Amino acid sequence: MARKPFIAGNWKMNNTIQEGVTLVNALKAAKNKNNADIMVAPSFTAINAVANALKGTGFIVAAQDCYFEEKGAFTSQVSPSQIKEAGATAVILGHSERRALFGDTNEILNKKIAAALRHNLQVIYCVGETLAEREANKIETVITSQLVEGLKGYTAEELKTLVIAYEPVWAIGTGKTATPEQAEEVHALIRKVLTKILGADFANNIRILYGGSVKAENVDSIMAKENVDGVLVGGQALIAEKFTRIIDYE
Ligand code: 13P
């Protein structure tokens, strides 16, 4: 069965409101010849303006994180209903920068996923191993615990809009892309783990994105792999011509 491609840009802490609007206005020129879901994830501050600029285009606007509480004394945090009100319909959770720099654990992410699902936000849940974990042959252990602990307690039905992003930490922002074969191997592993915890139907239907130094020059060979359904792009998603070429991969 064919899974719909999903091409996503994570802007991280980049772009002013105006830069974000200019960027997405330029992206409207993409042909979207692969009939992909296209997503952009601006900073919280730019979500509203970017969502307004994209009204009627079908582009998905995502937040890069959200908190699991609804409201209250949680200085600096942003709730799912707040990002929804701003115009986001999706949220990236568990990005390795959130895990490494801001203490997001699988347990916290499990709660964030619950909060996002309660508000019908589409969740892009990121998993991936560090270089040390890869070299110690721990890929399977790490990915399995990220999936099992992060997704604990949910049914396949509750997770039907979920998207997984495999982002090996050693490939993020380093220019060192995983080879298409390395990506394919871990994507197949992710489907195997998901088959065990959520069933074969779920595992066959879920979209799994690769992220880590994706660029116009390597997207075609990555997208050619059977278990790769899309990409989550950092640096190159900030450049309109580059991201447009990635959207219209061959
Ligand atoms: P780069 O594409 O800059 O390596 O970033 C990948 C990423 O972390 C996307 O979420």
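This one's a predicted model, so the numbers in the text were calculated from it and none came from an experiment.

Cut-off values and rules
- Residues numbered from 1 in each chain as written.
- Predicted model: local features only at pLDDT ≥ 70, side-chain atom pairs only at ≥ 80, totals over all residues.
- Heavy atoms only, no water.
- Helix = DSSP H or I, 4+ residues; strand = E, 2+ residues; numbered from the N terminus.
- Rg over C-alpha atoms; globule rule 2.2 N^0.38 Å.
- Buried < 20%, exposed > 50% of the residue type's maximum accessible area, 1.4 Å probe, protein only.
- Contact = heavy atoms within 4.5 Å.
- Near = heavy atom within 4 Å.
- Polar contact = N/O pair within 3.5 Å; in protein donor to acceptor, adjacent residues only side chain to side chain.
- Areas by Shrake-Rupley, 256 points an atom, 1.4 Å probe, with all protein chains shown as cover.
- Nonpolar A, V, L, I, M, F, W, Y, C, P; charged D, E, K, R; others polar.
- Axes fitted to C-alpha atoms, helices over the stretch in contact; angles between N-to-C directions.
- Parallel < 35°, antiparallel > 145°, perpendicular 65-115°, else oblique.
- Left-handed = near helix turned anticlockwise from the far one by under 90°.
- Expected span 1.5 Å × (residues − 1).
- Pairing = 2+ DSSP bridges.

K.L.:
Explain the overall build of the protein chain here, please?
P.N.:
Along its length, the protein chain carries 11 helices and eight strands. Since a compact globule built from 250 residues should have a radius of gyration of about 18 Å, the 17 Å found for the protein chain is in line with a globular shape. Summarising its shape, the C-alpha atoms of the protein chain cover approximately 45 × 45 × 35 Å along the three principal directions. Counting all 250 residues of the protein chain, 54% fall into the buried class. A sequence separation of at least 24 residues applies to 71% of the contacts in the protein chain between residues at least 6 apart.

K.L.:
What exactly am I supposed to notice about the site of the ligand here?
P.N.:
Close to the ligand lie 13 residues, the nearest being Lys12, His95, Gly173, Ser213 and Gly234. Contacts to the ligand include lysine 12, whose side-chain N or O atom sits 2.8 Å from an oxygen atom. Serine 213 has a polar backbone atom sitting 2.8 Å from an oxygen atom of the ligand. In isolation the ligand exposes 310 Å². Once the protein is present, 94% of that is buried. Class assignment for the residues of the shell around the ligand results in four nonpolar, seven polar and two charged.

K.L.:
Is there a simple way to think about the packing of helix α1 (residues 17–27) against helix α11 (residues 240–247) in this case?
P.N.:
A pair of packed helices is captured by two measures, namely the crossing angle of their axes and the spacing between those axes. Between α1 and α11, the shortest axis-to-axis distance is 9 Å and the interhelical angle comes to 40°. As judged from the angle between their axes, α1 and α11 are oblique. Crossing of α1 over α11 shows right-handed handedness. Between α1, through Leu23, Ala26 and Leu27, and α11, the contact on the second element is made entirely by Ala240, Phe243 and Thr244. Taken together, the residues of the contact of α1 with α11 sort by class into five nonpolar, one polar and no charged.

K.L.:
Help me understand helix α8 (residues 180–198), please; the structure alone is not making it clear to me.
P.N.:
Given 3.6 residues per turn, any residue in an α-helix points the same way as the ones three and four places further on. Under the 1.5 Å per step criterion, the end-to-end length of α8 is 26 Å for 19 residues, consistent within 8% with the ideal 27 Å. Within α8, the full set of buried residues consists of Pro180, Ala183, Glu184, Val186, His187, Leu189, Ile190, Arg191, Val193, Leu194 and Leu198.

K.L.:
Even after reading the chapter, I still don't get the sheet that holds strand β5 (residues 122–127), so can you show me in this structure?
P.N.:
Note: strands within a sheet are paired through backbone hydrogen bonds, in either parallel or antiparallel orientation. Spatially, the eight strands close up into a barrel ordered β1-β2-β3-β4-β5-β6-β7-β8, and their pairing is parallel. Each strand of the sheet is rotated relative to its neighbour by a mean of 25°, with strand direction disregarded. Pairing geometry for strand β1 (residues 6–10) and strand β2 (residues 37–41), over five bridges, is parallel. Residue pairing across strands places glycine 9 opposite valine 40, the latter belonging to β2. Of the strands in this sheet, β2 and β3 (60–63) are in contact with helix α2 (residues 44–53), which crosses β3 at around 165°.

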